[in-house]
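Each chain, letter by letter, is given below.
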Amino acid sequence: MKTPLNIRKRAFYTMILIQVILALLAGRVLFLQVAQGEDLQAKAFEQQTRDRLIRPNRGSIYDRNMVGLATTEGVATISVIYAQIRDLPRTAAMLAQELELDEAELLEKISRRVALVRVADQVDMDVADRIRERDFPGVVVDEDIRRIYPFGSLASQVIGFVGSDNQGIIGLESRYDSYLMGSPGRILTETDVAGRLLDGARQYRVPPVDGYNLVLTIDAILQSYAEQAIEMLVDQKDAQRGVIILMNPNTGAIYALANKPDFDLNDPFTIQDPELAAIWNTFNQEQQMNELNRMWRNFAINDTYEPGSTFKIVTAAAGMAEGLITLDTPFSCTGYMTVGGRQIKCWRAPRSHGGMTFIQGVQHSCNPVFMQIGEMLGAELFHDYLLRFGFHEKTGIDLPGEAAGIMYQPENMGPVELATMAFGQSLTITPLQLVSAAATVINGGYRVTPHIGMRLIDNDGNITQELMPELGEQILPTEVSDSMRFVLETVVSIGTGNRTYIPGYRVGAKTATSQKLPRGSGKYISSIMAFAPADAPAVVALVLVDEPQGTYYGGQVTGPIMQILLENVLPHLGVTPLYVTETELESAPVAIPNLRGLPKNEALELLRESGLGHDFIGQGDIIIDQFPIPGEMVNPGERILLRIK
């Protein structure tokens, strides 16, 4: 009997459909096996394992001589896996005992039905080893790291610190975080779907990749010198804060950047001010955070101020570069100058400087001289030089949070604004911008980019990246720079910077006493910029103190500190004096005695026996501090700064 046609058609189409379905299934299997095989295998492995991260060793931070400023030590993290715990109360009791935690709170914490609960971070290795040896099911001991700052508060605002997750928060730790942090590793353990450890389970360890190490231009010894000096000055003058910057004017390499007050990098969330600490608990969370940010703040780059007379070097260099003045150009000071219908005084008013040459005007820091130079330049050209020096922008230092200068635009710069800006008022800049501009004035006229990072290296010492920026454009003629170095050297030899004179060395300087806003507040910033040797500068330095009490003139307040600072800095940098005294020729270096706590007469006798001189700051009969610190080796004849009370 012949099969009906319609049945044969249905059978045919059914066979075609089956073949299509089989082909699709075969294709799907092939696709899963070949195209997605590895991915699906990885997902299956992930479902059957528990994944724990291993933190990499954070790269160390070294000074230019490979002294460790920020290092890493091994610690442990203690966690529990709920599904693997056999006796919750007993486990909680053991961990509470070893970790010195509250047992009831810990029991509640580890009773949560989650895959993994972290119990404690930053656990010392001896404690972690004891917990590991007790071998409690479900208790996991993982390797971890802890950041250590061997010198405590040294360069605290510069180096910065890390949070609980070992991520950089401020300073270089934040700026170079991506290089320092490395890549985490993992520990993979085979479990069932409930997270329970399988019999004979294997562990897979993917090792972490350590971060790169950062080598700085900072010199730990010079940083220590700078911090000792500015701390003594801030304390003695009961000032709000102070800063010292030491920089190579030819490359922009920062040797030291000291801020006082500072904080302990190993305990960055503890307020150092005793008065503030006493009322700390009365602040809300926002107020506490504001105070912490203020303590962490790097005044040298984060805040602007009116520089006062140190800024006159910029006006002078611009006038010389434009051929408007020479060293012998005559000027006259009557004690004031009338500009735009307003009488602007010289600092010496009601007395006057009378007739003088330009170089004498710099030596006397006479305001009318610089007002006249500003008038010669005019608003457009003067503003153009401000742009050339980079006061409108950040210096580019490799630290976060840098501020830029604030100044009038030419269209808003009337005669009064031009005159006052010419001697360092009516504009604000950062201390680092001033040092950068000073470097340009004395290094042949070239812009430099201040920087602290020198290079990145791996754990074998191989250089992975150089960080030193290139020298910038030349904005002043070489002969102008040569003349400015000579002029500023005379400021030390016969002018307002005479307290910075160092026998055997050629030093140039410019002092400043700038009145803080609002005018008439009685608050000042005292500062001095200096460099040496004057003929071939190896270092440019700024000492600045904010709101000194009592005497506030820049030369008197900061000059002696700058002198003693450079007496220590220059030999350390290998700068030899042009001459030495007979005493120095006949004698070897001597160690500075410990004078702290001694009566003044006993301290002076010890200094005489050691062949050392002295300067006093303060009033009284007892030595309460000294700079340099005891034990430092210096040449006979060096003067030690003694703070008395």
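S.K.: For this particular structure, what's the right way to read the sheet that holds strand S18 (residues 524-532)?
M.R.: Two strands in a sheet stick together by hydrogen bonds in their backbones, pointing the same way (parallel) or opposite ways (antiparallel). Spatially, 5 strands are ordered S10-S9-S19-S18-S17 in an open sheet, and the strand pairing comes out antiparallel. Unpaired on one side and paired on the other, strand S10 (254-260) and strand S17 (508-515) mark the two borders of the sheet. Strand-to-strand twist of the sheet, defined as the mean angle between neighbouring strand axes without regard to direction, takes the value 5°. Pairing of strand S9 (residues 241-247) with strand S19 (residues 539-546), which is carried by 7 bridges, proceeds in the antiparallel orientation. Following the sheet pairing, Ile244 is matched in S19 by Val543.

S.K.: Please explain the sheet that holds strand S22 (residues 623-627) as it appears in this structure.
M.R.: Read across the sheet, 3 strands follow the order S21-S24-S22 without closing on themselves; strand pairing throughout is mixed. Strands at the two margins of the open sheet, each flanked by one partner only, are strand S21 (613-617) and S22. Strand-to-strand twist of the sheet, defined as the mean angle between neighbouring strand axes without regard to direction, takes the value 30°. One ladder, built from 5 bridges, connects S21 with strand S24 (residues 639-644); its direction is parallel. Pairing of Gly613 across the sheet is with Arg639, part of S24. Helix H9 (residues 220-236) rests against S21, S22 and S24 of the sheet, and its axis sits at about 145° to S22.

S.K.: Can you help me understand the packing of aromatic side chains in this one?
M.R.: Per the stated rule, a full pass over the model turns up 10 aromatic pairs. With a centroid separation of 6.1 Å and an interplanar angle of 85°, the aromatic rings of Phe161 and Phe263 are classed as edge-to-face. With Phe161 in the loop between helix H6 (156-159) and helix H7 (171-175) and Phe263 in the loop between S10 and helix H10 (274-278), this residue pair connects regions lying 102 residues apart in the sequence. Residue Phe161 shares its accessibility class with Phe263, and that shared class is buried. Ring centres of Tyr552 and Tyr553 lie 4.9 Å apart, and the angle between their planes is 35°; this geometry places the pair in the tilted category. Overall, Tyr552 belongs to the partly exposed group, its relative accessible area being 23%. These aromatic residues form a ring-pair network of at least three members: Phe161, Phe263, Phe269 and Trp296.

S.K.: Would you explain the state of the cysteines in this entry?
M.R.: All told, the structure shown has 0 disulfides when counted by the stated rule. Take Cys366: it sits in no disulfide, and the sulfur closest to it among the cysteines is that of Cys333, at 3.6 Å. Using a relative accessible area of 0% as the deciding quantity, one classes Cys366 as buried.

Each value, and the rule that gives it
- Residues numbered from 1 in each chain as written.
- Predicted model: local features only at pLDDT ≥ 70, side-chain atom pairs only at ≥ 80, totals over all residues.
- Heavy atoms only, no water.
- Pairing = 2+ DSSP bridges.
- Helix = DSSP H or I, 4+ residues; strand = E, 2+ residues; numbered from the N terminus.
- Axes fitted to C-alpha atoms, helices over the stretch in contact; angles between N-to-C directions.
- Contact = heavy atoms within 4.5 Å.
- Phe/Tyr/Trp six-rings, centres within 6.5 Å; stacked < 30°, edge-to-face > 60°.
- Buried < 20%, exposed > 50% of the residue type's maximum accessible area, 1.4 Å probe, protein only.
- Disulfide = S-S within 2.5 Å.

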